[in-house]
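Commentary on secondary and tertiary structure
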Amino acid sequence: METTRAQESTNAIERMYITMRHLFNRGFYKPMGVSGETLRNALLQLRPEIYGSIGEDKAELEGLTYVLERLPEGIEQCRFINLTSDEGYGRSHFKPIIPPKRRRNCYRIDSEQMNIEITRGRSDIYDILTHLTFLFVESDKIGRRVLIDEGKKTIRDWQKLERAISKEKLSQADRETALIHTANILGRSFTDVAALYDKLATKKNPSRFLQIIYWMGKLAIEERTTGEKRTITFSTLLRERLGHHIHGERWANNIKSVLQREQLLQRPLHIISSNMHSVLNSLFARKALAKTLPGKTDLEIYEALSDTGSRKLRELVTSRALKNGMIQIDDLSGTNIDVQLFDTARLGPDACCYEPAAKNDADKPVILVMDYAFGEQAFETIDELLKPYATKGDLHYMPVASISIMGKAGILDGDKGDLMIPSAHIFEGTADNYPFYNELSKEDFEGNGLKVYEGTMVTVLGTSLQNKDILSFFHDSTWNVIGLEMEGVHYQKAIQSASRIRKSIREDVKVRYAYYASDNPLKTGHTLASGGLGTTGVKPTYLITDKILKQIFNS
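Residues numbered from 1 in each chain as written. Predicted model: local features only at pLDDT ≥ 70, side-chain atom pairs only at ≥ 80, totals over all residues. Heavy atoms only, no water.

Now for the overall build of the protein chain. Secondary structure summary: the protein chain contains 17 helices and 19 strands in total. Over its C-alpha atoms the protein chain spans a radius of gyration of 25 Å, differing by no more than 12% from the 24 Å that the globule rule assigns to 555 residues. If one aligns the C-alpha atoms of the protein chain with their principal axes, the spans along those axes are about 85 × 55 × 50 Å. Within the span of the protein chain, comprising 555 residues, buried residues form 55% of the whole. Put simply, of all contacts in the protein chain between residues at least 6 apart along the chain, 77% involve residues at least 24 apart. Carbon and sulfur atoms make up 48% of the accessible area of the protein chain, which totals about 24,200 Å². Of note, the protein chain has its 75 positive side-chain charges centred 4 Å away from the centre of its 73 negative side-chain charges. (Helix = DSSP H or I, 4+ residues; strand = E, 2+ residues; numbered from the N terminus. Rg over C-alpha atoms; globule rule 2.2 N^0.38 Å. Buried < 20%, exposed > 50% of the residue type's maximum accessible area, 1.4 Å probe, protein only. Contact = heavy atoms within 4.5 Å. Areas by Shrake-Rupley, 256 points an atom, 1.4 Å probe, with all protein chains shown as cover. Lys, Arg positive; Asp, Glu negative; His and termini not counted. Charge placed at Lys NZ, Arg CZ, Asp CG, Glu CD.)

Given below as structure tokens:
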């Protein structure tokens, strides 16, 4: 029997992860050498939706933008990329470079080397290596296109781009001439490259796009003509520490010490995994901004707060919260997961938009909001947080009453902004499945102008590796998959082990999961590479948050 395209794609993903684990254990590899060949071939066979035309001769620009937003600025110039643990670079003179769409510290050690700190587990390594493989494949395309005469000469377009890069400042005529030559190198239209030039431009570096293409091509040319390959290495400390929950334990213990200091370890604790603004704003924004934004609906207030220029409005809300029981716990553990605590017993009169049903302070909820975890990091952090807290011989069991997950996910039958309410999580590439009773249901969200889907969610190893064949199989099979995300299985695995096996938290802990669609990878132009949600995400975010908070306050 012939294998289907979905089966071939699943095998390619499995091959990629096995290869990445092998390369990690080996300690180093050369992405464009023999050691990186399996990884490159698997990615080219897979052709994920997010990387568009990676398998074609022309350059893939949307995928390139997506990857550059998740890798440190300047990485395309580096021949040596080192993945390290937290090894003290923060205490050196090096300034961290933090990618706009991935919270990780990166350090440019010299003109040839970039160090990337891994403190969020294996998912972070898979994410980086996948993006780097894409970057190197695209880089090699440029090298192939510009070298002629058996690799001894470069085409005229490349020579013109080199001259443009050497100028300190480009006039409009210089810029457009350089873009025409670059378009020819990339096999794309002038319109395509001009749009990306504007998107990647910064005040400090308006010609950033041209420089990125130049350096991608330059290193690929050198690899082809001199044999000097780019190298990715994994530090000894990283290989020793990975999987030991070092950062998760540090993070959880810091939170527990604050809970003890504030005498909150005997109160019902409600954990919410979400962003750092939706619970805060839902609790306090309408009351805090009643005079500043009179007559506005809740949704209009939330949209105003989400605007990048609304810093003063956000400060008003935060100020109100800090005076009424909010405690901020900034992350110092390396997990990059900040935390907010809300003590509802400290709410002043008419300060909050919700009223606890409990009359005694001892019964009023404590809400712990943690920022989004990343992939397997979800297990590490929740697993450590749910363990008992040991202090001077005493063991304090965590009084967890509920755990709520509000996240973004890819949807398989719907559009950006639609809602997904899971009844089970399955783990990609395995038959591992985690059915559970969800305190949230489809009926809770109907009648709000958004489509709501209920069913199984698949937890994938990496969102950037899915293609239409795999996603169509999930969608059409009896698994009844409605969407895909990266953390659900990991959260549920930690919750079930703590409540049903270790008995470190109550067995009847309430669980709530709800997701809103950030993309539909089955629709062309609707993948994560097509851009963010904008204000489309505001309504579903606050609708989910409101339903979670109402259940907590009425418990």
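Now for the sheet that holds strand β3 (residues 106–110). If you walk across this open sheet you meet the five strands as β1-β7-β2-β4-β3, and the pairing is mixed. Pairing within the sheet leaves two strands with one partner each, and these edge strands are β1 (28–29) and β3. As defined by bridge partners, strand β2 (residues 80–84) adjoins strand β7 (residues 231–234) across four bridges and the pair is classed as parallel. Pairing of Phe80 across the sheet is with Thr231, part of β7. (Pairing = 2+ DSSP bridges.)

The buried fraction of helix α14 (residues 377–385) is high, at eight of nine residues. Of the surrounding secondary structure, the elements contacted by the buried residues of α14 are α10 (246–261), β8 (269–273), β11 (366–370) and α16 (488–501).

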